[in-house]
Amino acid sequence: MSIKKGNYLFSSESVTEGHPDKVADQISDAILDACLAQDPNSHTGIETLVTTNLCILAGEINTKAKVDFQNVAREKIREIGYVYPEIGFDFKNAAVLSAIHSQSPDIAQGVNEGEGEFKEQGAGDQGLMFGFACNETPEFLPLTIVLAHRLTMRLSEVRKKNIVSGLFPDGKSQVTVEYENGKAKRLETVVIAAHHSENVSVEELREQILEHVIRPVCGKWLDAKTKLFINSTGRFVLGGPTADTGLTGRKIIVDSYGGHSAHGGGAFSGKCPTKVDRSAAYMARYIAKNIVAAGLAEQCEIQLAYAIGVAEPVSVLVHTEGTAKVSEEVIEHAVREVFHLKPADIIKELDLLRPIYAKTAAYGHFGRNDPDFSWEKTDKAALLASKAGIKAPAVAGF
């Protein structure tokens, strides 16, 4: 997103872990985690579909692990909170069908050992990936996506702790921030959709969500002019996979940067780290965040691109929207010196052969203060600054 002059509005959204698409993402990543826990060299591309009392598992897996896919899916559905038969989708009664099969040997040969001159682990597919960071928040993310995720996380928290009664797992948020000369000024609009029991009064639900979700999260950003829309249609009784079929990989902007940056051609969930759709997107975020933390730019977008079976990226681009303290060419040169971008190097640098992925599949893959999210480290900032010929500032993050 360009830094614009004058005032403008920008919106981002998030969804709860009980949103149908997120249910599918989490099941796909839970299966990946189950495979990696037994066999770190598992190769997966798992797709999930959920609808009324039905969960379908598909995709490709090569692994030595012995995993009961149906049981993993049911357990994840239970953890999310689909335990009520009256909703029309619950972990006990939903049919779970598996059509998972082996990975194509034509793909595997390039990923495992390469062909011809590429005698090393190549990219699991062609594609382009983006990473983004800015200095707008301690999370190095835009305020809109940070607030949107905090709202859905809080919505799930008040459900699980019964702070607000009568809530079911599905839900969404959307926030619109007013910017002035590229700086966040105030909250223009907050939208919340909360899945609820038919026994709950809509008026009471709105009051409770305002008191226990919106005010604690949005705080100082609210003012007398902020527009609030809470269950604006009046009812959200029919929700979850019963109301809206969920698919893996259908919430890619929620997963990444809320629309403030470009997104690559592939989703993340269900894919093992040999799939550069995932691992290179994490590396691109790692690079962008360290560039901003190094004081080299106020915001940064990184593009990486790969060819299937080829280890080295075919292109690396640094774009700072005119906020760089040195030339982008200098930053690109520093990036090439500091970061190793072959798939095997990315997997090693970020320690990606671990069962860490189910928790990435809701509330965004970026901006979390969690040691398992290795791509959120800023440990390369000082070295990057040195390579670019400046002194790195003290990093102000979480």
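Above this text you will find the structure in question.
Reference entry: report on the structure contained in this document. (Residues numbered from 1 in each chain as written. Predicted model: local features only at pLDDT ≥ 70, side-chain atom pairs only at ≥ 80, totals over all residues. Heavy atoms only, no water.)

**Details of the overall build of the protein chain**
Where we set the bar: Numbering of helices and strands starts at the N terminus; helices are DSSP runs of H or I of at least 4 residues and strands are runs of E of at least 2. Exposure classes here rest on a 1.4 Å probe applied to the protein chains alone. A residue is buried below 20% of its type maximum, exposed above 50%, and partly exposed in between. Surface accessibility in these figures is a Shrake-Rupley result with a 1.4 Å probe; residues are shielded only by whichever protein chains are displayed. Counted charges follow a simple rule, with Lys and Arg positive, Asp and Glu negative, and His plus the chain ends left uncounted. Throughout, a charge is located at the NZ atom of Lys, the CZ atom of Arg, the CG atom of Asp or the CD atom of Glu.
Helix and strand counts for the protein chain stand at 10 helices and 11 strands. On the principal axes, the C-alpha backbone points of the protein chain span a range of 65 × 55 × 25 Å. By the burial criterion, 56% of the 398 residues in the protein chain qualify as buried. Of the roughly 16400 Å² that the protein chain leaves accessible, carbon and sulfur atoms contribute 50%. In the protein chain, 43 positive and 51 negative side-chain charges are present, and the distance between their average locations comes to 4 Å.

**Considering the sheet that holds strand S8 (residues 227–230)**
Operational definition: Two strands make a pair as long as DSSP finds a minimum of two bridges between them. Axis geometry follows a simple rule: fit a line to the C-alpha atoms, using only the stretch in contact for helices, then measure angles between N-to-C directions, giving values from 0 to 180 degrees. What makes two residues a contact is simply this: any of their non-hydrogen atoms within 4.5 Å.
Spatially, S1-S6-S7-S8 is the arrangement adopted by the 4 strands of the open sheet, whose pairing is mixed. Here the strands that pair on one side only, and so sit at the sheet edges, are strand S1 (7–15) and S8. The average angle at which neighbouring strand axes cross in this sheet is 15°, direction not considered. In this structure, strand S7 (residues 183–196) lies alongside S8, joined through 4 bridges in parallel fashion. Of the residues in S8, the one forming a bridge with Val191 is Phe229. Here helix H4 (residues 143–160) sits on the sheet and contacts S1, strand S6 (167–180) and S7; the angle it forms with S6, its principal contact strand, is near 155°. Packed on one face of the sheet, helix H5 (residues 202–218) meets S6, S7 and S8 and runs near 145° to S7.

**Section: helix H10 (residues 381–388)**
Under the convention used in this document: In this description, one arc is meant: the one made by directions from the helix axis to the C-beta atoms.
For H10, the complete set of buried residues consists of Ala381, Leu384, Ala385 and Ala388. Projected down its long axis, H10 shows its buried positions confined to an angular sector of 100°, all on one face. In H10, the exposed residues that point more than 90 degrees away from the buried face are Ala382 and Ser386. Buried residues in H10 make contact with helix H7 (276–293) and helix H8 (328–338). Immediately downstream of H10, the backbone of Gly389 shows phi near 85°, a positive value.

**A word on the side chain of Asp25**
Within the secondary structure layout, Asp25 lies in helix H1 (residues 20–38). Those residues in contact with Asp25 that sit more than four places away from it in its chain are Leu247, Thr248, Gly249, Asp255, Ser269 and Ala361.

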